[in-house]
Amino acid sequence: MAVRHQLILRKPGVVWSLLEDDTRYGDWVVGTHKTGPGEGRWPELGSSIHYTVRLGPKEFQGHTTVRRIDRPGVLELEADNGPLGTARIAFDIRSWGDNTLVIVDEHPLRRPGGVLHNAALDAVLQIRHRTMLGRLARVVEDMPPDTDHP
């Protein structure tokens, strides 16, 4: 299981507003080449977004579905990478003084990713999360001040 955290120097409502914007996932999610709308109204329970992952000359299509949401603190997603399998990605958004502590917990669920899950895969996920959470922090901290919520 790969768990990582990031302190973001904005209020939780600002972080949450970015997580609710399905058009901005490509700005901070590592590995996605393109993102687009899927089913339902993001991020309502059962809604999804579609994405493309590019590995060299190959492209893989996938989608991410909201499996659990408890605004403004919890967003749990299931990313389906087709033949690679699915993964649970949980965001825990916590107030930390005037800032936000974001904790991401990701682990494979089904197909090869779930079967082959091991410490080496967790190490790769840690590297991915460090980059992803750093990007998330930069995008949120660069958002205009008027996006702050009380």
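Before any of the text, the structure's been laid out above.
Notes on the structure follow. Residues take numbers from 1 onward in each chain, read along the sequence in its written order. Predicted model: local features are reported for residues with pLDDT of at least 70 only, side-chain atom pairs are reported and counted for 80 or more only, and whole-chain, interface and lining totals are derived from all residues. The side-chain numbers reported here are obtained from all heavy atoms of the structure, hydrogens and water having been left aside.

**Observations regarding the sheet that holds strand S6 (residues 86-96)**
Right, on to step 1. With antiparallel pairing, seven strands are arranged side by side in an open sheet as S1-S7-S6-S5-S4-S3-S2. Strand pairing shows two members of the sheet lacking a second neighbour, strand S1 (2-8) and strand S2 (32-37), which therefore form its edges. With strand direction ignored, the average angle separating the axes of adjacent strands in the sheet is 25°.
Right, on to step 2. In this structure, strand S3 (residues 48-55) lies alongside strand S4 (residues 58-70), joined through eight bridges in antiparallel fashion. Residue pairing for S4: Tyr-51 is matched across the bridge by Gly-62.
Right, on to step 3. Working rule for contacts: check all heavy atoms of both residues, and any pair within 4.5 Å makes them a contact. What counts as an axis is a line fitted to C-alpha atoms, over the stretch in contact for a helix, and the angles between N-to-C directions run from 0 to 180 degrees. Strands here mean DSSP runs of E at least two residues long; helices mean DSSP runs of H or I at least four residues long; both are numbered from the N terminus. Helix H1 (residues 12-19) rests against S1, S4, strand S5 (74-80), S6 and strand S7 (99-110) of the sheet, and its axis sits at about 155° to S6. Strands qualify as paired when DSSP identifies two bridges or more between them.

**A look at H1**
Right, on to step 1. Partly exposed residues are those whose accessible area sits between 20% and 50% of the maximum for their type, while under 20% is buried and over 50% is exposed, using a 1.4 Å probe and protein chains only. Counted residue by residue, H1 has seven buried out of eight residues, so it is predominantly covered.
Right, on to step 2. Of all the positions in H1, only Pro-12, Gly-13, Val-14, Val-15, Trp-16, Leu-18 and Leu-19 are classed as buried.

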